[in-house]
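Each chain, letter by letter, is given below.
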Amino acid sequence: MIFPKLVPWDVWKHSGHAKGVYPEIYYVCPPKTRDPAFWEEVIDNYKVTLEVPIDLIAEKIDKPLGGMCYAQCPSFWPFMQGKTVSDESFPVKVFDRSGTSHRYESGGIHGMERVDEFHRIELLFIGTQEQVLEHSKQMQECYKHVFNDILDLEWRMAWVTPWFMAQEGLTGLAGQTGVGTIDFEAPLPYRGKDGEWLEFQNLSVNGDKYPKGFNVKLQSGKDVWSGCSGIGLERWASTFFAQKGFEPNDWPDAFREKVGEMPKGIKFM
């Protein structure tokens, strides 16, 4: 599927992000009007100064109607909002790699592993409690295979505050058994022997949070659960290059077989 990248307030109210996401989102404000005469002052100002008049533009844009995609899965849920799903349709597994996510990380930008705009593949799974927990176990094994047998990384797993709680300004573990987030973490050698471990992958079981928030029901009446996992490509690349370097000959054989021969880059003079 292709998830929307502009998220209106109504989605964040249902997902819970409206409780505390404000310091880190990029807001989207429409023009107050498309009338060219209304924008003539801005256009003339630029023609004379060759500088974009930011302050003047700020006076001519309207209130924010939402923000850029912060976490990809909430944008999916209006598709199922208010629906009752047949038992035979579960489990539902959704895959999206259509674009970027955007976060203002308050001055923390310092490398490829922490950027304002990042590319993410989103994996979303929905079903009964048993189906969601089982699929989470399957995905954990898949990630272990990739990180061990293909990328040959040094890494560890950590059980942490669920990401959806952290983004709402909450701490601790969720109340439902089995609900929470697994962080896959890896050391970055260039930061020294005791360098910071980077969270480069996560996998969450979100319980009934989103189905309840968006009023999604199952035909049989059983509780509907969901989970998600965001694959941040910049984080994967940062981890891999930090541990394996930039020389293809030093990369694991299993990874080189999948990548093939690297194309020549652009030569700058």
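Residues numbered from 1 in each chain as written. Predicted model: local features only at pLDDT ≥ 70, side-chain atom pairs only at ≥ 80, totals over all residues. Heavy atoms only, no water.

**Describing the nonpolar core**
And step 1. If you look at the biggest cluster of nonpolar residues, it comprises 25 residues, and the most contacted ones within it are Phe76, Trp77, Met80, Phe90, Leu124 and Ile126.
And step 2. Among the elements of the structure, helix H1 (9–15), strand E5 (92–96) and strand E7 (117–127) are those that each provide at least two residues to this core.
And step 3. Aside from chain neighbours lying at most four places away, what touches Leu124 is Phe3, Cys73, Phe76, Trp77, Val92, Lys93, Val94, Gly227 and Cys228.
And step 4. Listed in part, the 24 residues of the second largest apolar core include Leu123, Leu151, Trp155 and Ile231. (Core = buried A, V, L, I, M, F, W, Y, C linked by side-chain atoms within 4.5 Å. Buried < 20%, exposed > 50% of the residue type's maximum accessible area, 1.4 Å probe, protein only. Helix = DSSP H or I, 4+ residues; strand = E, 2+ residues; numbered from the N terminus. Contact = heavy atoms within 4.5 Å.)

**Re helix H7 (residues 233–244)**
And step 1. Look at H7: 16 Å from first C-alpha to last across 12 residues, which is about the 16 Å you get at 1.5 Å a residue.
And step 2. Of all the residues in H7, the buried ones are Glu234, Arg235, Trp236, Ser238, Thr239, Phe240, Ala242 and Lys244.
And step 3. The secondary structure elements touched by the buried residues of H7 are E7, helix H4 (129–150), strand E9 (180–187), strand E10 (197–207), strand E12 (225–232) and helix H8 (253–259).
And step 4. Positive phi shows up at Gly245, right after H7, with a value of about 85°. (Expected span 1.5 Å × (residues − 1).)

**Here's the deal with the pairing of E7**
And step 1. With nine of its 11 residues buried, E7 lies for the most part within the structure.
And step 2. Of the strand pairs in this sheet, E5 and E7 are connected by five bridges, and their pairing is antiparallel. Residue pairing across strands places Lys93 opposite Phe125, the latter belonging to E7.
And step 3. Bridging between strand E6 (residues 100–102) and E7 involves three bridges; their strand directions are antiparallel. By the bridge assignment for E7, His102 is matched with Glu117.
And step 4. Bridge count for E7 against E12 is eight bridges, and the pairing is antiparallel. Note that in E12 the partner of Gly127 across the bridge is Trp225. (Pairing = 2+ DSSP bridges.)

**Let's talk about the sheet that holds strand E2 (residues 27–28)**
And step 1. Taking strand neighbours across the sheet as the criterion, the three strands line up as E1-E3-E2 in an open arrangement whose pairing is antiparallel. Two strands bound the open sheet, and with one partner strand each, they are strand E1 (6–8) and E2.
And step 2. As judged from the two bridges shared by E2 and strand E3 (residues 66–68), these two strands associate in the antiparallel manner. Bridge pairing in E3 links Tyr27 to Gly67.

**Observations regarding the side chain of Thr239**
And step 1. With respect to the helices, strands and loops of the structure, Thr239 is situated in helix H7.
And step 2. Given the relative accessible area of 0%, Thr239 is considered buried.
And step 3. Filtering out sequence-adjacent residues up to four positions away, Thr239 remains in contact with Leu153, Ala186, Leu188, Leu198 and Phe200.

**Looking at a nonpolar patch on the surface**
And step 1. A cluster of nonpolar side chains, contributed by Tyr46, Leu50, Val52 and Ile54, occupies part of the molecular surface with about 410 Å² of accessible area.
And step 2. Summarising the element assignment, Ile54 is placed in helix H3 (residues 54–58). (Patch = residues over 30% accessible without salt bridge, like charges linked within 9 Å, V, L, I, M, F, W, Y side chains within 5 Å. Areas by Shrake-Rupley, 256 points an atom, 1.4 Å probe, with all protein chains shown as cover. Salt bridge = Lys/Arg side-chain N within 4 Å of Asp/Glu carboxyl O.)

**Considerations on the layout of surface pockets**
And step 1. What the second largest pocket holds in volume is close to 160 Å³.
And step 2. Lining the second largest pocket are Leu151, Trp236, Ala237, Phe240, Phe241, Trp251, Phe255, Val259 and Met262.
And step 3. Put simply, the parts of the chain that give the lining of the second largest pocket at least two residues each are H7 and H8.
And step 4. Broken down by element, the lining of the second largest pocket gets its largest block of residues, four residues, from H7.
And step 5. Across the lining of the second largest pocket, the residue classes break down as nine nonpolar, no polar and no charged. (1 Å grid on protein atoms, 1.4 Å probe; cavity = no way out; pocket = protein on both sides within 12 Å on 5 of 7 lines; lining within 4 Å. Points joined across faces, edges and corners; volume = space filled by probe spheres on them. Nonpolar A, V, L, I, M, F, W, Y, C, P; charged D, E, K, R; others polar.)

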